[in-house]
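Working through the structure, step by step
So you can see what is in the structure, the chains are spelled out below.
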Amino acid sequence: MAESGYVIEENLLRDLPFVSDVKPEQTTVALEKNETLKEIEQKIIEKVLKEENFNQTKAAQRLGMNRATLWRKLKK
């Protein structure tokens, strides 16, 4: 919501107020050029879950979604 264009610039992401105990190098997710948004979302969810020791409540908080929403996304 902070970006007005079509591309989210890296400097904008650095300025957003994120609260996390995870080190930046731990949050890297390798993306392929032809992946769909759904595939990218799934990779990010899996990465965050792993970083939170598969605690769905903590993972949902980090992802900015309700735990029930995370659960539904995991079911797919």
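What this report covers is the structure whose coordinates are included nearby. Everything numeric in this text was worked out from a predicted model, so none of it was measured. (Residues numbered from 1 in each chain as written. Predicted model: local features only at pLDDT ≥ 70, side-chain atom pairs only at ≥ 80, totals over all residues. Heavy atoms only, no water.)

1. Details of the pattern of salt bridges
All told, the structure shown has five salt bridges when counted by the stated rule. Across the pair Lys 43 and Glu 35 runs a salt bridge, and its minimum N-O distance is 2.9 Å. Lys 43 sits in the partly exposed class, given a relative accessible area of 26%. Glu 41 is the salt-bridge partner of Lys 73, the closest N and O atoms lying 2.8 Å from each other. Of this pair, Lys 73 sits in helix H4 (residues 67-75) while Glu 41 sits in helix H2 (residues 37-51); the two residues are 32 residues apart in sequence, bridging distant segments of the chain. The exposure class of Lys 73 is partly exposed, given its relative accessible area of 21%. It is possible to trace a salt-bridge network through shared partners that takes in Lys 47, Glu 51, Glu 52 and Arg 62. (Salt bridge = Lys/Arg side-chain N within 4 Å of Asp/Glu carboxyl O. Buried < 20%, exposed > 50% of the residue type's maximum accessible area, 1.4 Å probe, protein only. Helix = DSSP H or I, 4+ residues; strand = E, 2+ residues; numbered from the N terminus.)

2. Describing the nonpolar core
Of all hydrophobic cores here, the largest spans six residues; its members are Ile 45, Val 48, Leu 49, Ala 59, Ala 60 and Leu 70. Elements supplying a minimum of two residues to this core: H2 and helix H3 (56-63). The greatest single-element share of this core, amounting to three residues, is contributed by H2. Not counting the four nearest positions on each side in its chain, Ala 59 is found in contact with Val 48, Leu 49, Glu 52 and Leu 70. (Core = buried A, V, L, I, M, F, W, Y, C linked by side-chain atoms within 4.5 Å. Contact = heavy atoms within 4.5 Å.)

3. Re unusual backbone geometry
One can expect most non-glycine residues to show negative phi and most peptide bonds to be in trans. Unlike most non-glycine residues, Asn 53 shows phi in positive territory, near 55°. Residue placement: Asn 53 occurs in the loop between H2 and H3. We classify Asn 53 as exposed; its relative accessible area is 67%. The backbone of Phe 54 sits at a positive phi, close to 60°, despite the residue not being glycine. Tracing the chain through its elements places Phe 54 in the loop between H2 and H3. Residue classification places Phe 54 among the exposed residues on the basis of a relative accessible area of 60%.

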